[in-house]
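Chain by chain, the residues run as shown.
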Amino acid sequence: MIRRFAPHRVHLCVSASLFGLTALPAAAAAQAQPGPAAADATAAAEADAEPDAPAAPEDGIVVTGFRQSYANEVRTKRNAIEITDGISSDDLGRIPDLNIGEALQRVPGIQLNREAEGREATINLRGLPGEYARTTLNGVAFAEPILQTSTPLGAFASDIFSAVRVQKSPMADAQSGGLSGNIDLQIAPALSRTEGGRIKIAYDHNELGKQGEPSATLGYNAHITDDFAVFGIVSFKHEKFRRDSILFNTYGVLSAATTPNFLARYADYYAPAGTCATTNAAVVGCVAAAGGTGAKGLTGVQYVSQNRQYVRRNEGNQWSAAAGAEWQASDALKLGVTGLYTDRRQSETVQNLQVLNFTGTGVVVNPTSEVQAGADGAHFVEDFDFANIGVINDSRLFPQTQKAWGVNGVVNYEAGPWRLTTTGTLSKASNSAVEIFAEFITGQQANRQNGVTGSFASGGGNYGDYLLSILPDPLSTGTPRTAWTWAGPTDQQSWYDSPVGTPGRNRFNFAGTQSYATSKVTAIQQDVEREFESGFVSSIQAGARYERNRYASQGYRTNAAGIQGSAIGNAFLAANPDLDDFFQGSLPGFNRNWQVLDMDNVVSSLKPVTPFNGAELAPIGFNINYTDNNYALYNFTNDTDVLSAYAEAKYKTEIFSIPVRGIIGLRYEHADNTVNALNRIRPASPGLGQASDYAFQEFKNSYGQWLPSAIAVFDITDKLIVRVAGYRTYVRPHPRQFTPVTLVGAPSTTNVIPVTLGNPELEPYTGTSFDGTIEWYNNKNGLVALSLFSKRFKGVVQQVRGARTLCPTDGGNLGLGPLRIEGDQCFTSAPPDINGNPQTVSLTGFINSSTPYTVNGLELNIQQDFDFLPGALSNFGGGFNYAYTTIDGTNADGTDATLPGISKHNVNVVGYYETKLFGIRLSYNYRSKYDLSSTGTFSGAARQVEPRGQLDASASVNLSDWLSLSVNGFNLTNAVRKEYQGVEAQARRIDYDGRTYRIALNARF
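Conventions used here
Residues numbered from 1 in each chain as written. Predicted model: local features only at pLDDT ≥ 70, side-chain atom pairs only at ≥ 80, totals over all residues. Heavy atoms only, no water. UniProt positions renumbered as here; feature names shortened; annotations may be inferred. Helix = DSSP H or I, 4+ residues; strand = E, 2+ residues; numbered from the N terminus. Buried < 20%, exposed > 50% of the residue type's maximum accessible area, 1.4 Å probe, protein only. Contact = heavy atoms within 4.5 Å. Areas by Shrake-Rupley, 256 points an atom, 1.4 Å probe, with all protein chains shown as cover. 1 Å grid on protein atoms, 1.4 Å probe; cavity = no way out; pocket = protein on both sides within 12 Å on 5 of 7 lines; lining within 4 Å. Points joined across faces, edges and corners; volume = space filled by probe spheres on them. Nonpolar A, V, L, I, M, F, W, Y, C, P; charged D, E, K, R; others polar. Pairing = 2+ DSSP bridges. Axes fitted to C-alpha atoms, helices over the stretch in contact; angles between N-to-C directions. Phe/Tyr/Trp six-rings, centres within 6.5 Å; stacked < 30°, edge-to-face > 60°. Polar contact = N/O pair within 3.5 Å; in protein donor to acceptor, adjacent residues only side chain to side chain. Salt bridge = Lys/Arg side-chain N within 4 Å of Asp/Glu carboxyl O. Disulfide = S-S within 2.5 Å. Core = buried A, V, L, I, M, F, W, Y, C linked by side-chain atoms within 4.5 Å. pLDDT = per-residue confidence, 0-100.

As recorded in an unreviewed UniProt entry, the chain goes by the name TonB-dependent receptor, listed as coming from Allosphingosinicella deserti. As recorded by UniProt, the Sequence similarities (unreviewed entry) comment attached to the chain reads in full: "Belongs to the TonB-dependent receptor family." Quoted verbatim from the Subcellular location (unreviewed entry) field of UniProt, the annotation for the chain is "Cell outer membrane".

Caption draft 1: Inspection of the overall build of the chain at higher detail. For the chain, the count of helices and strands is eight helices and 53 strands. Every one of the 1005 residues in the chain was classed for burial, and the buried ones make up 58%. At a minimum sequence separation of 6, the contacts of the chain that also span at least 24 residues come to 74%. Taken as a whole, the chain presents about 37800 Å² of accessible surface, with 56% of it coming from carbon and sulfur.

Caption draft 2: Up close: empty space enclosed by the protein. Under the counting rule described, the total for this entry stands at 17 cavities of 30 Å³ or more. In this structure, the largest cavity is lined by 45 residues; those nearest its centre are T640, R732, P733, H734 and P735. Of all the elements in the fold, those that place two or more residues in the lining of the largest cavity are β4 (133-137), β27 (507-531), β28 (537-558), β31 (636-655), β32 (658-680), β33 (694-715) and β34 (720-731). A class-by-class count of the residues in the lining of the largest cavity yields 20 nonpolar, 16 polar and nine charged.

Caption draft 3: Representation of the sheet that holds strand β6 (residues 163-167) in the model. Taken in spatial order, the five strands of this open sheet run β1-β6-β7-β4-β5, and their pairing is mixed. The open sheet has two edge strands, β1 (84-88) and β5 (140-141), and neither has a second partner.

Caption draft 4: Expanded view of the sheet that holds strand β16 (residues 364-367). Across the sheet, four strands lie side by side as β16-β19-β23-β24; this open sheet has antiparallel pairing. Edge positions in the open sheet fall to β16 and β24 (467-471), since each of these has one partner strand only. Taken pair by pair, the neighbouring strands of this sheet meet at an average axis angle of 15°, ignoring direction. As paired strands, strand β23 (residues 453-457) and β24 are joined by five bridges and run antiparallel to one another. Across the sheet, S455 pairs through a bridge with S469, a residue of β24.

Caption draft 5: Expanded view of the packing of aromatic side chains. One pass over the structure, following the stated rule, counts 39 aromatic pairs. Ring plane angle 15° and centroid distance 6.1 Å describe the contact between F248 and Y463, whose orientation is recorded as stacked. With F248 in strand β10 (residues 228-253) and Y463 in the loop between β23 and β24, the pair connects residues that are 215 residues apart, well separated along the chain. The residues F248 and Y463 share a single accessibility class, namely buried.

Caption draft 6: Main features of the side chain of R998. You can see R998 is positioned in strand β53 (residues 996-1004). For R998, the side chain forms a polar contact with the side chain of D204, separated by 2.7 Å.

Caption draft 7: Representation of the pattern of salt bridges. Counted according to the given criterion, the structure contains 44 salt bridges. Among the ionic pairs, E102 bridges to R114, the shortest N-O distance being 3.1 Å. Within this pair, whereas E102 is found in helix α4 (residues 100-104), its partner R114 is found in the loop between β2 (110-112) and β3 (123-125), the two being separated by twelve residues in sequence. Exposure remark for E102: the relative accessible area of 8% places this residue in the buried category. Looking at R114, the relative accessible area reads 14%, which means it is buried.

Caption draft 8: Highlighting unusual backbone geometry. The amide bond that connects D473 to the next residue, P474, takes the cis arrangement and shows omega of 5°. By the element assignment, P474 lies in the loop between β24 and β25 (485-486). Following K607, the chain continues into P608 via a peptide bond in cis, with omega recorded as 5°. Tracing the sequence through the fold places P608 in the loop between α6 (599-605) and α7 (629-633). Not every positive phi belongs to a glycine, and K210 is a case in point at roughly 50°. Among the structural elements, K210 can be located in the loop between β8 (196-206) and β9 (211-225).

Caption draft 9: Inspection of the state of the cysteines at higher detail. Tallied over the full model, the rule gives two disulfides. Once the bonded cysteines of the chain are numbered in order along the sequence, the disulfide links fall as 1-2, 3-4.

Caption draft 10: Quick look at the nonpolar core. In this structure, F508, F510, I563, V602 and L606 are the most contacted members of the largest nonpolar core, which totals 45 residues. Secondary-structure elements contributing two or more residues to this core are β22 (418-442), β27, β28, α6, α7, β32 and β33. If one sorts the elements of this core by residue count, β22 sits on top with five residues. Excluding residues within four positions of it along the chain, L606 makes contact with F508, F510, I563, Q564, I568, F572 and F622.

Caption draft 11: Layout of the environment of G178. As for its position among the elements, G178 is in the loop between β6 and β7 (181-186). Residue classification places G178 among the buried residues on the basis of a relative accessible area of 2%. Residues G178 and G130, spaced 48 residues apart in sequence, show a C-alpha to C-alpha distance of 9.6 Å. Contact partners of G178, with chain neighbours within four places excluded, come to Y132, A133, R134, Y727 and T729.

Caption draft 12: Main features of the side chain of T259. Residue position: T259 is located in the loop between β10 and α5 (262-266). Only 3.2 Å separates the side chain of T259 from the backbone oxygen of V365, close enough to count as a polar contact. Leave out the neighbours within four places in its chain, and T259 touches L254, R265, Y266, V365 and P367.

Caption draft 13: Region of the structure containing the pairing of strand β21 (residues 400-415). Here strand β14 (residues 333-346) runs beside β21; their pairing, made up of 14 bridges, is antiparallel. Bridge assignment links G339 to a residue of β21, and that residue is V407. Pairing of β21 with β22 involves 16 bridges; the strand directions are antiparallel. Each bridged residue has a counterpart across the sheet, and for G409 the counterpart in β22 is G424. The antiparallel hairpin formed by β21 and β22 contains two residues in its connecting segment, where G416 sits at a positive phi of about 60°.

Caption draft 14: Inspection of the confidence of the model for the chain at higher detail. Summarising the model, the chain shows a mean pLDDT of 87, and 90% of its residues fall at 70 or more. Contacts from residues 1-64, a stretch scored under 50 in pLDDT, to residues over four places away or in other chains number 215 contacts. Low pLDDT, under 50, characterises residues 935-941; the stretch is placed with 33 contacts to residues that sit more than four places away or in other chains.

Caption draft 15: Here's a closer look at the pairing of β27. Taken together, the 24 bridges between β22 and β27 define a ladder with antiparallel strand orientation. Within β27, the residue paired with T421 across the bridge is D527. One ladder, built from three bridges, connects strand β26 (residues 494-496) with β27; its direction is antiparallel. Residue W495 lies in a different strand from β27, and its bridge partner there is F508. The pairing of β27 with β28 spans 20 bridges and is antiparallel. Counterpart to R530 in the pairing with β28 is I540. Taking the residues between adjacent antiparallel strands as the criterion, β27 and β28 are bridged by five residues, where G535 takes a positive phi near 100°.

Caption draft 16: The arrangement of the environment of L333 in detail. Structurally, L333 can be placed in strand β14. Given a relative accessible area of 27%, L333 falls into the partly exposed group. Residues L333 and R419, 86 residues apart in the sequence, show an inter-C-alpha distance of 9.9 Å. Setting aside chain neighbours within four positions, we find L333 in contact with W327, Q328, V411, N412 and Y413.

Caption draft 17: Molecular detail of the environment of I146. Within the secondary structure, I146 sits in the loop between β5 and β6. With a relative accessible area of 13%, I146 lands in the buried category. In this structure, the C-alpha to C-alpha distance between I146 and N431, residues 285 residues apart in sequence, is 6.0 Å. The residues contacting I146, other than those within four sequence positions of it, are T151, P152, N431, A517, Y551 and H734.

Okay, structure coming up:
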């Protein structure tokens, strides 16, 4: 008999075949591992894989759609050994949330990162950032389109996947590297698919900006013979969506130089002059002032010192495809190949910002509101009038590309008790972010008014009360007072409108940052399993794997040298196209006196570019700043060869008449790592520096890891199961997150020398996890599960900064001479610059933390279908899950560890009603407040994000046996994302995405 993965003909084609809350349906779980590890799941799934499986029970209730997914999940939970959760597509192959990340956030223990502005859909798992999870394709590693963070799941169209499995307790046969767990993207092989095709035509409407996104998916599965099948699926979407933001980017401190009647109004909030280095030296953020009393505070009065109004317009095309073939050559031999391709190009992405700097020479800030108490002894004001501020109208081209392709070839041989599987992988991915920005800046000068005046009100956390008014109108001009002139190598990105010495010169800035990364994975894996019919050990499985990983990075910082400066003018400025619906009208007090730059016109007009001193131009056609540390930081290759082997035994026994089954395993991995990184070999050449100022330096490192794992499943009764598991794994830090070389940059315009301290001896970090679950199957399709977990990890690579931690008083090998520490600054012995700025050093570095961290958590998962109720009530069903996460540990600086990006509380609620004709689903996600960090992964929080809840809905109706119409609404609560500093009234940022609606026509043929 041919085993076919045949999702049941769903009479209800609702956009959510159990999204979130669930472990994978059994049939999908059967495809998760290409090797013998999937044998138990395959056996459990065979009963469900036949097209006729969902026969209606005697009471006439239809077991399809949501209900079938719940039934499969219950069956999978009951029969599985590992602790898993996941999501699956419905019978038309649709994963019906906005993207895979939005769907996965409904799984217990997963949270979606909404900091990203391009719907990258990165996730956190079980209290740890996304880079602590391992992403695999059909159970094996593949090249991921990563630039610097974790896998952007938004790079993949969800329609090409059969399911996504979250392995929370991976065993020895699974890929290592998932300290928090493994995320397995699954594409069902050809013979397991049902003959026939499907097509989907959809349209998304984003309320913000009235942006439309058409999409289409076409797929076909063909069984050429009973033993040979092929399939293919391709998905296209034209993406076009927007995010609007208000950012209070920095908070400064009022001073006598900026604020009228300063002492009379605020002396009580400042320490007496000179005491911050003596009696108040232990006060973090101490601010002293002549005449200060410290009666009410010692850290001054803060105010918003930089305000940004910001729009990001995302636009581009996404193509994703999957294909495969499978041949059952004999009863014992099966050969298959599965391929994945995705290409997401947001090629038309544009960012428009208006930046107001309420600091600088000659600025006046006159508060008009009372002093408010902040966190940790801080104080701040919300409202003020201002004059002589700096104004920046800034626009940026920011095209991004995320590409990946991968091919897995599998040969399965099964004869009697023996199973052999050979898996080969070829995969390549790339990610690029190419930023080009231009801005007009209004100049400032002491004792001279630049004519810019206005009023500001932050709203105190209530963004409806945000108010910003400013004159003159318009704020920026492209007309020079004399002529636009390049500032020279010391100020590479600036052109000024008048000669040096002219009061309050206006400026045109042009620069950019370009980042490119390519990764390749080549691997071969052999697995062998021997089953036993009787005895304690039911099977022994072993395997070996060789994997070669190559990561190549390129990065450039470009400048304004050699551009066609005569082209700079008012033609670059344009009306802001988003003024009429900024924040969709919910922010009436925003500043409408806001110009943007026509970046296509800017870039084309500034070319051709003259190479500076004959140097090579960057790929985008502009001069490269070789004095910038990022040139050395982001141009390198990182190769890692991994040889691994494992053995594990499955067992079955009884303890006090309680059936027990499980796995005990051990994996060993040996890695050889080679990094070729740029190192400066001489001081920067005059001007912009040269590529020849650097040379590649090779660093080699080797390490081995023993990774034990075990799990036991206690079938206490037919309805009660207990699982306990433990495993050890390790994580290699992402190459772009650290450098093995020490880099000393050139002094900035404020005489600050950036230094990045390299560490070629960084090691991977390791973790040990323990999990326990208790599962009660209270009725045929009902489940109540409680999970507890604890993850202890050490050697975490941290980014550290600060003079007290890193400043070597003997100068080290930085070539800067003796250094000294004063307060929180590291000073050189060089004299001040021409503006009187003392020369300081800004140091950052990377270390393996010497202190361990422990993440503890609880997950409650309830899912029920009410088919036992009478009449129409039997059509209801739903689920609820709750996750609680905490961390315990100490950072390198002695502060308590935090979980940046991780909420302590996360809740999902799903309810549905379905019949043969139609269905409706409501799903709600809530996460509590969480911290954001400005430095390393576990360094102290710089700001917090307010709690957020989002309601989604979907409905569907069957127009015929082969045609259905579905409608979805995302973020119906119109939830926004808000950041604050210490207290919610000291606001930092608000992001507005608006609602999205989707209509889709789905057909099978």
